[in-house]
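Chain residues, written in single-letter form:
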Amino acid sequence: MKKIIGRILVGVLILIVVAGASGAFYFKSYLPNTVAPQSFPQVDGEIQVTGLNAKVDVYRDAMGIPHIYANTAHDLFFAQGYVHAQDRFWQMDFWRHVGAGELSEMFGAGQIETDTFLKTLGWKKTAEAEWEQLSPESKAILQAYVDGVNAYIKDKEATELSLEYAILGLPILSPDYVIEEWTPVNSLTWGKAMAWDLRGNMGEEIERAVLLKTLTPAQIKQLFPEYPQDHPVIVNKIGDGNANVKQDFANDFDFSSLPLDEVQRNASLLDLVLGDWNDGIGSNSWAISGKLTDSGMPYLANDPHLGIQMPSIWYQVGLHCIEKNNECPFQVTGFSFAGVPGVIIGHNDKIAWGFTNVGPDVMDLYIEKVNPENPNQYEVNGEWVDFESYEETLYPVGGEAVTITVRSTRHGPVISESYGPLKNEGEPDDKEFVPFKERAGVELPENYVIALKWTALTPSTPFEAIWGFNKAENWEEFREAAKNFHVPPQNLLYADVEGNVGYQMPGDIPIRKNGDGTLPVPGWTDDYEWTGFIPFEELPYTFNPAEGYIVTANNQVPPRDYPYLVTYDWDYGFRANRILNMIQNAPAKIDIAYLQQMQGDSYDANAEVFIPIMQTVDWRFPKPNEAIAFDMLSDWDYQGRIDSTPAAVFNAFWRAFLINTFNDDMPEERYYPDGGSRWNEIMRTMAQNPNDPFWDDKTTKDVVETMPDIMKKSFSDGVAELESIFGKDISTWKWGDMHASTFRNGTLGESGIFLIEDLFNRGPFPTSGGEAIVNATGWSVRDGYETNWLPSMRMIVDLGNLNNSLTVHTTGQSGHAYHPHYDDMAPLWANINYYPMWWNLDSIMNDSEEHLVLMP
């Protein structure tokens, strides 16, 4: 939300200058102490609510988690909508504006460029089509939920809904903003936002094509290595298919002048509102059968990795039909999205399930020839056909309406238009503008655009599958529900109270006539069309595998001889390998304490590879701290704990090591290495050849560097960076401090104005773990060590005693700044502690802080 910064900055400066001390008082005292509590909802006593059929009980436990008990499915989901709006309406309101491409209606003209791209993707139109296709049962769930949301927000002042509206309503921001009623489409668009967040390999597709301008196909293969043979796959054996594929980076098309940098930039506009995409974003999950556990029953563990944010992306909730029957079949608890009915991840009275991202290749970029004599047409098999086009109008708050034209081809929306680097006509005052047609270095079609084909733009919603999981009672019903999970494909992990464990990969995975999805392809013939999707029955699955466990960590799903292409861009399996090793080498029967230890494991397999290599190098340390720091690595157990100095030393070295090895080879900064499992595997392979050309520093003349040379420079650079961060006292160099987590409000919390940021942001919290580690707390080689994505929650389900299950998520249940449950989970999360995931009503009532009764 950086485009908001300018308006906030000017406005706040004016306010402070004009108001002086009273302006600071307004932000530091009046807003926190007087305005913020206005938004704290009533959570005790009785409220009469129009729209309910009967009494609903809402018990909130010591962590503020609501457990809802209702007589009918209608009332259950109505109440869920009501409590979501009580605690998280600002978050919901912001997300619906993202999904609809209407951010400028909240934040003004600075968001028009982002809205234009969102409107081009057409999430709202897709969601409108999905609503029409839903079954009557699904429509009833959504409508009940929507009615509950609107029952809460009706007739309330904006500041009664959230403190953020007080800032938004300042005269210099968006005082004319009007909160609208919630609709079913608002809920459905959130599925599109999550599909984008877990979108897979479009970034790699663009990166490969851009790098081919300056690197050879052989070098590209080196930078995108195959999945390692010594790391595990999720499913070792499944049935046969019928479509063999092979990887081939050498495409017949010349990419040297394609505007792929701009396509990447357009895609990155959403990173500002949904968080940066990173190949570490994914998750861990594992299910362990009773033959390996202390109870003789399965455990299921899950920790989804998503971008850091405030409040948490998750809202924990229990949904209980007082009498479970065909009309009210829900007894479920777990994690929901504020804005969507049901439980996304969790367990019911019979089964438990978890998600990790598959990351399949379900997005392809098509280069479309445009008719030079008629820009409203593009070529299909030698004939000119009309673009599909329609107009969208944006209504920025406080500004004039803006009309845009959205164009699509048979493949999907055109995502490369209307941005500076693609235009052939510059702005009148842009003296440095060079028309794109003059910048093109090779002969290409006189005019062309780039269109996106993506499974998420075909109407389908994952939420029908979710509601199926919520009421499924066995493996067969779970798999049947999974057939409705089209996008984004997830690794669905399963366990049940009968002692079974299972896994299913669902989703629409395209079969291509030609090509492998790794590079953009010509769109003017049928040569690169999708011919269908992998049949559900041939998608990877397993049930009660002989080894007694299933591990998923975004690693390769199918067996190595699987005949269909899912993707080449898997996570490279360092986390999966470590999880597998911990299960196989458990000192005793696996219990909940050991599972907690596993989820908090910060073992750095990368350090295990490189520290022994470093110890073979002939070192000459010019500074005392370098020698001391290097000696500390010898006794390190490779755990990246909060208080670890060796972890700080190694990660500072590693950052410099990647920078010094590759930055001189990359065409521009956005393609510099950023860390993660892919770069770990690249370096692990390169370490076998100390004379690999990539080791040479191209900025030096008359010398060819080898791996030891780069190691020495990088270690020295890393120690120097640590001294600049902490000073020369090595005892102060702690990994947790340099890798701390600060939870920032995704809108106003990134204003750049401390008076506003202090209202909403919390932290820093010292943080353990790191990239490609089971305790997966991401950081950026390009930007620094601060945690930028993380385990967004941790859950351990005990199928032998559901009431014995444990969990934690990142910040707190409440989205209201200064509420007691706004950030009370953050210290627990940072220290890898847990709280009970209550199931039995007696336990819920004994731990409850409040009891709200909703009456019709």
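Scroll up to find the structure.
This section reports on the structure supplied with the text. Sequence order as written defines the numbering, with residues in each chain counted from 1. Reporting of local features is limited, given that this is a predicted model, to residues whose pLDDT is at least 70; pairs of side-chain atoms are given and counted only at 80 or more, and all residues count toward the totals for whole chains, interfaces and linings. For side-chain calculations, the full set of non-hydrogen atoms in the structure is used, while hydrogens and water are omitted.

## As for the overall build of the protein
Link 1 in the chain: The helix and strand inventory of the protein stands at 28 helices and 30 strands.
Link 2 in the chain: In the protein, which comprises 856 residues, the proportion classed as buried is 62%.
Link 3 in the chain: Summarising the internal contacts of the protein: among those between residues at least 6 apart in sequence, 74% fall at separations of at least 24.
Link 4 in the chain: The protein chains shown are the only cover counted for residues, whose accessible areas, like all others here, come from Shrake-Rupley with a 1.4 Å probe. Roughly 31200 Å² of accessible area belongs to the protein as shown, and the carbon and sulfur atoms make up 48% of that amount. For helices the rule is a DSSP run of H or I covering at least 4 residues; for strands it is a run of E covering at least 2, with both sets numbered from the N terminus onward. The cut-offs for exposure are 20% and 50% of the maximum accessible area for each residue type, with area from a 1.4 Å probe on protein chains only; residues under the lower value are buried, those over the upper are exposed, and the others partly exposed. Here, two residues are considered to be in contact whenever any of their heavy atoms come within 4.5 Å of each other.

## Notes on the pairing of strand 15 (residues 448-454)
Link 1 in the chain: Among the seven residues of strand 15, seven are classified as buried, and the element is accordingly described as predominantly covered.
Link 2 in the chain: Residues Tyr 448, Ile 450, Leu 452 and Trp 454 line one face of strand 15 and the alternating positions Val 449, Ala 451 and Lys 453 line the opposite face, and both faces are buried.
Link 3 in the chain: As paired strands, strand 10 (residues 363-369) and strand 15 are joined by seven bridges and run antiparallel to one another. Directly across from Leu 365, in strand 15, lies its bridge partner Leu 452. Pairing between two strands requires that DSSP report at least two bridges joining them.

## Regarding the pattern of salt bridges
Link 1 in the chain: Only one rule defines a salt bridge in this text: a Lys or Arg side-chain nitrogen within 4 Å of an Asp or Glu carboxyl oxygen. Applying the stated rule across the entire model yields 31 salt bridges.
Link 2 in the chain: In this structure, Asp 93 engages Arg 96 in a salt bridge whose closest nitrogen and oxygen atoms are separated by 2.8 Å. Residue Asp 93 and its partner Arg 96 are both found in helix 3 (residues 73-100); the two are separated by three residues, about one turn of the helix. Residue Asp 93 shares its accessibility class with Arg 96, and that shared class is buried.
Link 3 in the chain: Notably, a salt bridge pairs Asp 618 with Arg 620, separated by 2.5 Å at the nearest N-O pair.
Link 4 in the chain: Using a relative accessible area of 48% as the deciding quantity, one classes Asp 618 as partly exposed.

## A short note on the state of the cysteines
Link 1 in the chain: Our working definition of a disulfide is a cysteine sulfur pair at a distance within 2.5 Å. The tally for this structure, following the rule as stated, stands at one disulfide.
Link 2 in the chain: Here Cys 321 is linked by a disulfide to Cys 328, with a sulfur-sulfur distance of 2.0 Å. Judged by the sign of its S-S torsion, about -85 degrees, the bond between Cys 321 and Cys 328 is left-handed. Both residues of the pair, Cys 321 and Cys 328, belong to the buried class.

## Observations regarding the sheet that holds strand 17 (residues 501-504)
Across a sheet, paired strands are connected by hydrogen bonds in the backbone, their directions being either parallel or antiparallel.
Link 1 in the chain: Spatially, the 11 strands line up as an open sheet ordered 1-30-2-3-6-7-8-9-16-17-21, and their pairing is mixed. Looking at strand neighbours, the two that pair on one side only are strand 1 (45-48) and strand 21 (541-543), the edges of this open sheet. Here the average twist between neighbouring strands, direction ignored, is 15 degrees.
Link 2 in the chain: Judged from the three bridges that link them, strand 17 and strand 21 form a sheet pairing that is antiparallel. The angle between two axes is taken between their N-to-C directions and runs from 0 to 180 degrees, where each axis is a line fitted to C-alpha atoms and a helix contributes only its stretch in contact.

## A word on the packing of helix 16 (residues 463-471) against helix 17 (residues 475-482)
Link 1 in the chain: It is at 8 Å that the axes of helix 16 and helix 17 come closest, and there the two elements cross at 170 degrees. When the axis of helix 16 is compared with that of helix 17, the two are roughly antiparallel. Between helix 16 and helix 17, the residues in contact are Ala 465, Gly 468, Phe 469 and Lys 471 and Glu 477, Phe 478, Ala 481 and Ala 482, respectively.
Link 2 in the chain: Here the contact of helix 16 with helix 17 is built from residues that sort into five nonpolar, one polar and two charged. Reported orientations rely on four angle classes, namely roughly parallel under 35 degrees, roughly antiparallel over 145, roughly perpendicular from 65 to 115, and oblique for the rest. Only Asp, Glu, Lys and Arg are considered charged in this grouping, and only Ala, Val, Leu, Ile, Met, Phe, Trp, Tyr, Cys and Pro are considered nonpolar; every other residue, Gly among them, is considered polar.

## Here's the deal with unusual backbone geometry
Link 1 in the chain: Note the cis peptide between Val 487 and Pro 488, where omega equals -5 degrees.
Link 2 in the chain: Omega for the bond connecting Gly 763 with Pro 764 falls within 30 degrees of zero, at 5 degrees, which places this linkage in the cis form.
Link 3 in the chain: Inspection of the secondary structure puts Pro 764 in strand 24 (residues 762-765).
Link 4 in the chain: Despite not being glycine, Asp 155 has its phi angle at roughly 65 degrees, a positive value.
Link 5 in the chain: Here Asp 155 is to be found in the loop between helix 7 (136-153) and helix 8 (158-161).
Link 6 in the chain: Overall, the relative accessible area of 73% leaves Asp 155 in the exposed class.
Link 7 in the chain: Even without glycine at this site, Tyr 638 takes up a positive phi of about 70 degrees.

## Focus: the packing of helix 7 against helix 10 (residues 184-197)
Link 1 in the chain: With their axes 9 Å apart at the nearest point, helix 7 and helix 10 run at an angle of 110 degrees to one another. Classified by the angle between their axes, helix 7 and helix 10 sit roughly perpendicular to one another. Residue-level inspection shows Leu 142, Gln 143, Tyr 145 and Val 146 of helix 7 in contact with helix 10, the latter providing Pro 184, Ser 187 and Leu 188.

## Here's the deal with empty space enclosed by the protein
Rolled over the atoms, a probe as big as a water molecule pinpoints where empty space is left.
Link 1 in the chain: Cavity means a closed set of points on a 1 Å grid over the protein atoms alone, one where a 1.4 Å probe fits but cannot get out, pocket means an open set with protein on both sides within 12 Å along at least 5 of 7 lines, and lining means a residue has an atom within 4 Å of a point. Grid points are joined across faces, edges and corners, and a volume is the space filled by probe spheres set on the points. Tallied over the full model, the rule gives nine cavities of 30 Å³ or more.
Link 2 in the chain: In this structure, the largest cavity spans a volume of roughly 220 Å³.
Link 3 in the chain: If you trace the largest cavity, you find 20 residues lining it, with Met 194, Leu 198, Phe 337, Phe 355 and Gln 490 closest to the centre.
Link 4 in the chain: Secondary-structure elements contributing two or more residues to the lining of the largest cavity are helix 10, strand 5 (299-307), strand 9 (351-357) and helix 16.

## Concerning the sheet that holds strand 15
Link 1 in the chain: Ordered in space as 15-10-19, the three strands form an open sheet in which the pairing is mixed. Strand pairing shows two members of the sheet lacking a second neighbour, strand 15 and strand 19 (521-522), which therefore form its edges.

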